[in-house]
Amino acid sequence: MNIQNYINGEFVNPVSNNWLDNYNPSNGEVYSQIPNSSSEDVANAYKSAAEAFPKWSNSTLEERSRILIKISELLESNLERFAMAESKDNGKPLSLAREIDIPRAASNFRFFGNAITQFASESHESVGLNAVNFTLRQPIGVVGCISPWNLPLYLFTWKIAPAIAAGNCVVAKPSEVTPMTAYLLGEICTEAGLPKGVLNIVHGLGTTTGQAIVEHPNIKAISFTGGTETGAHIARVAAPMFKKLSLELGGKNPNIIFADCDYENMLATTVRSSFANQGQICLCGSRIFVEEAIFEKFKKDFVQKVKQLKVGHPSDKNTNIGALVSKSHLEKVENYVKIAEDEGGKILCGGLEVTIEGFENGYYMQPTIIEIETNQCRINQEEVFGPVVTIMSFKTDEEALQLANDVKYGLSATLWTNNLNRTMQFSKQLQTGIVWVNTWMLRDLRTPFGGAKESGVGREGGFEALRFFTEPKNVCIKY
Ligand code: NAD
């Protein structure tokens, strides 16, 4: 089948009629073609968005809210179809797509459909000057949204929903590796009554289609989620045009475990925070630091639990770990296991490819735990983004904090302790955008989301996202 671009409410082929192969990671077969869109397609998408903007930006908040909530309802009523498409395209367990990815995509639209009706701006009475100042928040115009492959529809809609709620029109590009649910979203938007041109979806490679979005002189803001190197490149391209940028980038998150934690809860959650979605979540805790007193016990229990995880076909209901997203990504992750071994890391379990009967060409790999002696090794300093974690012990709070912060990334951290004083000290001193204490990936969509250091610039989520997608203007009225 052919996936098409969604421009001005219509499904269209790329102007050049060039196509790319789209692979099913569970069996390694090409199962669809996607447009290899050029700057011409992006220009068409921009034109359609620009034409839709005057009317959409003047639509009432009730109207926008009604349409966003309708999109959310339609995603919910098409849950199974979307979950199956996501699982097939990405390799993730169907159960995960059904329980997390698609419900969250629906929540994104519902949340911002409601949030926009509560969004307000500030006013300041300039006492003694007989003047009043207020902040007029206006949509930016046409904005670009570019998303990665790990949580395809979840992250695509996390950008699109606030952008259109705030009155912008959008040119969006999903990852070329996982285009399917973004394609299906076009149908839902039409059915929900989203006016033509408000959302335009172009498919293609990052270096051509994505680059054309970033380079387009009239696309004034870019919301990007992806790798740190790509983010740095986008920042360089966008800076001379003074574009507004939100960059959600890579992570190398610490999971710090103290002996005083609720052990069973920590153990079960750590299995999830290490290997959910094959470890391909930017928030996964890939560097596990354990207090010396419980290190040996934790090591034994963790290895035992991880060995029980079943690697299997994504649609098998017993599967815990599905396929990695692509062959090249599988090779990258395997290469990191070799690097870790060369650096003296000890593989406690996993490390090998898995062959699933009937799906021998799929991209499967065992969940892998590596014991290391120092944080200063490539496996602990570079993002692997796969089913690989390291473990290492520490003695004191100071040492744990130093290890956690000793990395260029700063997306999230998880802390396991029942000591309130320690909780506050770590919360203040961890150099990350998110700190989870005694939990992982508990998300409240009102909270600011994003990373520090090389994990990004800017925050998404809640009113932060609505602030990003609007331009504040100071109006001063003298009376
Ligand atoms: P990537 O940077 O390769 O690609 C992300 C998106 O950018 C894709 O749509 C891609 O086509 C596009 N792109 C690539 N080059 C581009 C260019 N020159 N101009 C414009 N667009 C371009 O990342 P990926 O491999 O798809 O995703 C994995 C990365 O995403 C990991 O580093 C992960 O940590 C990160 N990530 C971060 C978050 C977060 O919230 N911080 C969430 C999920 C994933």
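Conventions and cut-offs
Residues numbered from 1 in each chain as written. Predicted model: local features only at pLDDT ≥ 70, side-chain atom pairs only at ≥ 80, totals over all residues. Heavy atoms only, no water. Near = heavy atom within 4 Å. Polar contact = N/O pair within 3.5 Å; in protein donor to acceptor, adjacent residues only side chain to side chain. Helix = DSSP H or I, 4+ residues; strand = E, 2+ residues; numbered from the N terminus. Axes fitted to C-alpha atoms, helices over the stretch in contact; angles between N-to-C directions. Parallel < 35°, antiparallel > 145°, perpendicular 65-115°, else oblique. Left-handed = near helix turned anticlockwise from the far one by under 90°. Contact = heavy atoms within 4.5 Å. Nonpolar A, V, L, I, M, F, W, Y, C, P; charged D, E, K, R; others polar. Salt bridge = Lys/Arg side-chain N within 4 Å of Asp/Glu carboxyl O. Buried < 20%, exposed > 50% of the residue type's maximum accessible area, 1.4 Å probe, protein only.

(A) Region of the structure containing the site of the ligand. What surrounds the ligand is a group of 30 residues, the closest being S147, E176, T230, L249 and E383. Between the ligand and E176, the relevant distance is 2.6 Å, taken from an oxygen atom to a side-chain nitrogen or oxygen of the residue. Take G226: an N or O atom from its main chain is 3.3 Å from an oxygen atom of the ligand. Among the elements of the structure, α7 (206-215), β10 (221-225) and α8 (228-238) are those that each provide at least two residues to the shell around the ligand. Broken down by element, the shell around the ligand gets its largest block of residues, four residues, from α7.

(B) Seen up close, the packing of helix α2 (residues 61-77) against helix α4 (residues 94-118). Two numbers describe how α2 lies on α4: the axes approach to 8 Å, and their chain directions differ by 165°. Considering the angle they form, α2 stands roughly antiparallel to α4. Once α2 is placed against α4, the crossing between them reads as left-handed. Contact with α2, carried on its side by L61, S65, L68, I69, I71, S72, E73, L75 and E76, involves I102, A105, A106, F109, R110, F112, G113, N114, I116 and T117 of α4 and no other residues of that element. Among the residues making up the contact of α2 with α4, the classes are represented as 11 nonpolar, five polar and three charged.

(C) Structural view of the pattern of salt bridges. As enumerated under the stated definition, the model contains 22 salt bridges in all. Among the ionic pairs, E187 bridges to R81, the shortest N-O distance being 3.1 Å. You can see E187 sitting in helix α6 (residues 180-192) and its partner R81 sitting in helix α3 (residues 79-90), a full 106 residues away along the chain. Judged by relative accessible area, E187 falls into the partly exposed class, the value being 34%. Across the salt bridge formed by D444 and R446, the nearest N and O atoms sit 2.6 Å from each other. Taken together, the salt bridges that share partners define one network made up of D260, D397 and R422.

(D) Just the environment of T368, in detail. By the element assignment, T368 lies in strand β17 (residues 368-371). Each C-alpha atom of the pair T368 and K307 lies 9.1 Å from the other, and the pair is 61 residues apart in sequence. The residues contacting T368, other than those within four sequence positions of it, are F275, V337, I347, C349, G350, G351, P387, V388 and V389. In this structure the side chain of T368 is engaged in a polar contact, spanning 2.8 Å, whose partner is the backbone nitrogen of G351.

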